[in-house]
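Here's the letter readout for the chains.
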Amino acid sequence: MWAAGAAVLTVTAGLGIRSVAGGDVAKYAGDALYTVLIHALVVLVAPRVRPGGAAGAALAFSWAVEFAQLTGVPAELSARSAAARLVLGSTFNAPDLFWYAVGAGAAYGAHTVWAAGAAWVRGRGGAAAG
């Protein structure tokens, strides 16, 4: 449930940034949030995944999409579909790789804090029940 909320919050943050900022700020914030969203979707699909595994999968996916842009296939698909444009982009941009890593790091940190809090709550519940 938390992962679904995180995904919605991430999309909302991305749309919010685009509405108040432009240029490189919006672009690179969008790149980082793209990877945060992928992280949340990984957790949604595999709830028991550890923070490092989810962050690694999200970063690998983001980088794979970016490198696929070197082939021209995403550009072709993006020309035909707004959804493909949002998911695949169209042109390779090396700085995007860095911002995807920033997003993976942020998602890893948030997931780690959430997991520690959840473990603490479980521990307190177990102590109270015992």
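Residues numbered from 1 in each chain as written. Predicted model: local features only at pLDDT ≥ 70, side-chain atom pairs only at ≥ 80, totals over all residues. Heavy atoms only, no water.

Peer 1: What is the right way to read the confidence of the model for the protein from this model?
Peer 2: A low pLDDT score tells you not to read the predicted coordinates there in detail. Taken over all residues, the pLDDT of the protein has a mean of 91, while the share at 70 or more is 95%. At the level of individual helices and strands, the protein shows its lowest average pLDDT in helix α6 (residues 94-129), which scores 87, and its highest in helix α3 (residues 51-68), which scores 97. (pLDDT = per-residue confidence, 0-100. Helix = DSSP H or I, 4+ residues; strand = E, 2+ residues; numbered from the N terminus.)

Peer 1: Just to check I follow, could you spell out the environment of Y100 for this structure?
Peer 2: On the secondary structure map, Y100 appears in helix α6. Put simply, Y100 and G30 are 70 residues apart on the chain and 9.2 Å apart in space, counted from C-alpha to C-alpha. Sequence-distant contacts of Y100, that is, excluding residues within four places in its chain, are made with D31, Y34, T35, L59, S62, W63 and E66. Within the structure, the side chain of Y100 is placed 2.8 Å from the side chain of E66, a separation counted as a polar contact. (Contact = heavy atoms within 4.5 Å. Polar contact = N/O pair within 3.5 Å; in protein donor to acceptor, adjacent residues only side chain to side chain.)

Peer 1: Even after reading the chapter, I still don't get the pattern of salt bridges, so can you show me in this structure?
Peer 2: On inspection of all chains with the given rule, the structure shows 3 salt bridges. Between D31 and K27 there is a salt bridge, with the nearest N and O atoms lying 3.5 Å from each other. Of this pair, D31 and K27 both sit in helix α2 (residues 23-45), separated by 4 residues, roughly a single helical turn. What emerges from the salt-bridge pattern is a single network uniting K27, D31 and D96. (Salt bridge = Lys/Arg side-chain N within 4 Å of Asp/Glu carboxyl O.)

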